[in-house]
Amino acid sequence: MATHGTRGRSGGRPTLEEVAARAGVGRGTVSRVINGSPRVSDATRAAVEAAVAELGYVPNTAARALAANRTDAIALVVPEPETRFFAEPYFSDILKGVGAELADTEMQLLLIFAGSDKERRRLAQYLAAHRVDGVLLVSVHADDPLPDLLSQLEIPAVISGPRSAAESLTSVDSDNYGGARSAVEHLMSRGRTRIAHITGRLDVYGAQRRVDGYRDALRDAGHPVDDLLIEPGDFTEEGGHRAMRSLLSRCPDLDAVFAASDVTAAGARQVLREAGRRIPDDVALVGYDDSAIARHMDPPLTSVRQPIEEMGRRMIDLLLTEIADRRPAMSRGLERPQMVLATELVTRASS
């Protein structure tokens, strides 16, 4: 009587052929079951899975990947300095969603920073060698050459937010326009009339859409749009400092501020306090992201919640679909999905 366990007939690791013999099927059928093919009957799948369990068969993932011309690796590329990645909750939340969705797969996740010219050149060489099956790009700027490089190399890719309304790559984003509108409409409902906006980096399409939402909310309510109340920022705390100082010196009568991120709002709050402005009595303050920063600020910050972890999950779903199809959507003549997730205003004491 045969002894069940992790040893095959030869005394080594069980082979695919031994699994096939035990299940009474062909080698190709075993391979299809292991690779999750739907072209197998339930009875056959059960027989193969039972044989795998009885023999203790462990698939050779490296050999499978080599045979399929795959690496079983995905790169999460951040074209920003490492300091920004670790300072802003947006990136860690994206990473959390991506990691959670990959947990049940055999894919490895590589985190790659490409904030400098040297790092970008090194990344270009790495990608040209096709060492990953797909790429997730976060925080993409309008002039970033990486998306076009990925298209040229025909590497499946998904970005967190389109570069423009005519984005050619698959993207996942939140409703930046609607989120900004809800923030400004909330401030107007509280009687605020001199509402300033500290923008994000304006070479980021999402930041442009937030400016559009800010402007349209004011116009639709019959309020004039005063460009003196719009100050460029860069999503950072220091950017919030600089922008708030400029706004106070230029428009000391402002009574509300909508910041393009919670981190920026934290910088603005510090300057307002130094200037003796009470929040929300003198100046109401609204951020964007609804990160832990918003909840722990004093006073707690009203913020536009975007489902960042969910964005990471959706990005992986779309990327794995492209990888499974083995070719990017554009090379198949298909239109790339542009997914937009809803936002929600979370009201707290700052407004």
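Residues numbered from 1 in each chain as written. Predicted model: local features only at pLDDT ≥ 70, side-chain atom pairs only at ≥ 80, totals over all residues. Heavy atoms only, no water.

A. Region of interest: unusual backbone geometry. Residue I279 is joined to P280 through a cis peptide bond whose omega torsion reads 5 degrees. Within the secondary structure, P280 is located in the loop between α12 (262-274) and β9 (284-289). A cis amide bond links D298 to the next residue, P299, at an omega of -5 degrees. When you line up the elements, P299 lands in the loop between α13 (292-296) and β10 (302-305). (Helix = DSSP H or I, 4+ residues; strand = E, 2+ residues; numbered from the N terminus.)

B. Structural context of the pattern of salt bridges. Evaluated as defined, the whole model comprises 26 salt bridges. Put simply, K96 and D93 hold a salt bridge, and the shortest N to O gap is 3.9 Å. Here K96 and its partner D93 are both found in helix α6 (residues 89-102), three residues apart, which amounts to about one turn of the helix. Classification of D93 by relative accessible area gives buried; the value is 19%. Between E309 and K96 there is a salt bridge; the shortest N-O distance is 3.8 Å. In this pair, E309 is assigned in helix α14 (residues 308-325) and K96 in helix α6, connecting sequence segments 213 residues apart. On the basis of relative accessibility, which here comes to 33%, the residue E309 falls in the partly exposed class. For K96, a relative accessible area of 47% translates into the label partly exposed. One connected set of salt bridges, linked through shared partners, spans D290, R305, E344 and R348. (Salt bridge = Lys/Arg side-chain N within 4 Å of Asp/Glu carboxyl O. Buried < 20%, exposed > 50% of the residue type's maximum accessible area, 1.4 Å probe, protein only.)

C. Structural view of the sheet that holds strand β8 (residues 256-259). The strand order across the open sheet formed by six strands is β7-β6-β8-β9-β10-β12, and the pairing between neighbours is mixed. The open sheet has two edge strands with one neighbour each: β7 (230-231) and β12 (344-346). In the packing of helix α10 (residues 205-220) onto the sheet, contacts are made with β6 (195-198), β7, β8 and β9, and the angle to β6 comes to roughly 170 degrees. (Pairing = 2+ DSSP bridges. Contact = heavy atoms within 4.5 Å. Axes fitted to C-alpha atoms, helices over the stretch in contact; angles between N-to-C directions.)

D. Seen up close, the sheet that holds strand β11 (residues 338-341). Reading across the sheet, the six strands line up as β2-β1-β3-β4-β5-β11 and stay open at both edges, with parallel pairing between neighbours. The sheet is open, and its two borders are formed by β2 (108-113) and β11, each paired with just one other strand. Taken pair by pair, the neighbouring strands of this sheet meet at an average axis angle of 20 degrees, ignoring direction. Note that strand β1 (residues 73-78) and strand β3 (residues 134-137) share four bridges and pair parallel. Residue pairing in the sheet places L76 in a bridge with L136 of β3. Against the sheet, helix α7 (residues 117-128) touches β1, β2 and β3, its axis set at about 150 degrees to β2.

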